[in-house]
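Fold and geometry: a report
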Amino acid sequence: MLGAQTALETKMLLRNGEQLLLTVVIPTLLLVLFSSVDIVDTGAGSSVDFLAPGILALAVMSTAFTGQAIATGFERRYGVLKRLASSPLPRWGLMTAKTASVLVTEVMQVVLLTVIAFALGWSPHGNPAAVLLLLIAGTAAFSGLGLLMAGTLKAEATLAAANLVFLLLLVGGGVIVPMDKFPQGAQDVLGLLPISALSDGLRDVLQHGASMPWGDLGILAVWAVVGLAAAGKFFRWE
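Points about the environment of Val107
Positionally, Val107 belongs in helix α5 (residues 91–119). Overall, the relative accessible area of 52% leaves Val107 in the exposed class. As for Val107 and Val60, which are separated by 47 residues in sequence, their C-alpha atoms are 9.6 Å apart.

Focus on the nonpolar core
Counting residues in each nonpolar core, the largest one holds 49 residues, and the members touching the most others are Leu31, Leu58, Met61, Phe142, Ile176, Leu198 and Leu202. Taken together, the elements giving at least two residues each to this core come down to α2 (17–36), α3 (47–77), α5, α6 (128–152), α7 (155–172), α9 (194–206) and α10 (214–234). When residues of this core are assigned to their parent elements, the largest contribution, 15 residues, is made by α3. Leave out the neighbours within four places in its chain, and Leu31 touches Val48, Leu51, Ala52, Ile55, Leu113, Ile116, Ala117 and Leu120. Formed by 9 residues, the second largest nonpolar core is a distinct cluster that contains Leu89, Leu147, Phe235 and Trp237.

A look at α5
Given a rise of 1.5 Å per residue, 29 residues ought to cover 42 Å, and the 43 Å separating the end C-alpha atoms of α5 matches this to within 8%. Looking one or two residues past α5, Gly121 carries a phi angle of roughly 100 degrees, positive in sign.

A few points about the side chain of Ser101
Looking at where Ser101 falls in the secondary structure, it is placed in helix α5. Leaving out residues up to four positions away in the same chain, Ser101 has contacts with Thr6, Glu9, Thr10 and Leu13.

A look at the packing of aromatic side chains
Counted by the stated rule, this structure contains 3 aromatic pairs. The ring of Phe50 has Arg203 sitting right over it, with the charged end atom 3.8 Å from the ring centre.

Digging into helix α1 (residues 2–15)
Over its 14 residues, α1 extends 20 Å from the first C-alpha to the last, a length consistent with the 20 Å expected when each residue adds 1.5 Å. Inspection of α1 places Gln5, Thr6, Glu9, Thr10 and Leu13 among the buried residues, and these make up the whole buried set. The buried residues of α1 occupy one face: seen down the axis, they fall within an arc of 135 degrees. Exposed side chains of α1 directed beyond 90 degrees from the buried face belong to Gly3, Ala4 and Arg15.

Here's the deal with the packing of α6 against α9
Two numbers describe how α6 lies on α9: the axes approach to 10 Å, and their chain directions differ by 170 degrees. Judged by the angle between their axes, α6 and α9 are roughly antiparallel. In this structure, α6 uses Ala130, Val131, Leu134, Leu135, Gly138, Phe142 and Leu145 to contact α9, whose residues at the interface are Pro194, Ile195, Leu198, Gly201, Leu202, Val205 and Leu206. Grouping the constituent residues of the contact of α6 with α9 by class yields 12 nonpolar, 2 polar and no charged.

Concerning a nonpolar patch on the surface
Residues Leu14, Leu20, Val104 and Met108 make up a contiguous nonpolar surface patch of about 280 Å² in total accessible area. Secondary-structure assignment places Leu14 in helix α1.

Quick notes on the packing of α3 against α9
Put simply, α3 and α9 touch, their axes get as near as 8 Å, and they point 140 degrees apart. On the basis of the axis angle, α3 is oblique to α9. For the pair α3 and α9, the sense of crossing is right-handed. Listed contacts from α9 to Phe50, Pro53, Gly54, Leu56, Ala57, Leu58, Val60 and Met61 of α3 are Ile195, Leu198, Ser199, Leu202, Arg203 and Leu206. When its residues are assigned to classes, the contact of α3 with α9 shows 11 nonpolar, 2 polar and 1 charged.

Cut-off values and rules
Residues numbered from 1 in each chain as written. Predicted model: local features only at pLDDT ≥ 70, side-chain atom pairs only at ≥ 80, totals over all residues. Heavy atoms only, no water. Helix = DSSP H or I, 4+ residues; strand = E, 2+ residues; numbered from the N terminus. Buried < 20%, exposed > 50% of the residue type's maximum accessible area, 1.4 Å probe, protein only. Core = buried A, V, L, I, M, F, W, Y, C linked by side-chain atoms within 4.5 Å. Contact = heavy atoms within 4.5 Å. Expected span 1.5 Å × (residues − 1). Phe/Tyr/Trp six-rings, centres within 6.5 Å; stacked < 30°, edge-to-face > 60°. Lys NZ or Arg CZ within 6 Å of the ring centre and 35° of its normal. Arc of directions from axis to C-beta. Axes fitted to C-alpha atoms, helices over the stretch in contact; angles between N-to-C directions. Parallel < 35°, antiparallel > 145°, perpendicular 65-115°, else oblique. Nonpolar A, V, L, I, M, F, W, Y, C, P; charged D, E, K, R; others polar. Patch = residues over 30% accessible without salt bridge, like charges linked within 9 Å, V, L, I, M, F, W, Y side chains within 5 Å. Areas by Shrake-Rupley, 256 points an atom, 1.4 Å probe, with all protein chains shown as cover. Salt bridge = Lys/Arg side-chain N within 4 Å of Asp/Glu carboxyl O. Left-handed = near helix turned anticlockwise from the far one by under 90°.

In short, the description is geometric, and any link to function would need to be established separately.
Take a look at the structure:
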């Protein structure tokens, strides 16, 4: 049952035009555009070496947070979750299937963006295990926050809020604009956001060859625990 629901959730995610725009088209366009055109000063070295880790972090956020929040919010509004909750598949199984579908989609995103980044001249470094751990922690953090939003707000409010957060974090999360471009006070606050922790952590490993950015991983772990716990407590199925 879990496998069948995961396959269904994945198909629904990939068939949705808005989801594909968020998860595939926008990250790909941003990677190609800002790597090819000198719009933002990314510091010493190749632009793609700075941008690729940030775009990978953006892809995780777009799928685990924005896409999942919007899709789940409208499923809740139209009574889909209520009907599924009464099926033989337990509620924890439904949420597990949604998380698994997010992971499947992210694998495809990472493969696509990695191929494009290599074509643009990307030269990554570091430990692949550290990258995998950061991506998993980031997925858990954003998934918890997305489910919390979808389970507490109305669908229309979720749609507006999720897209607004996506745009704000795209600009202020260190994805495209380096964090040192912001005032010091803003850096201290923005550095605690999950998108900043994920993009900085991936950049430390893939661009600078760090073994494991424990500080960034710790921030993601805190967001994951708080987000998932809050979603489990406050999520409303109707």
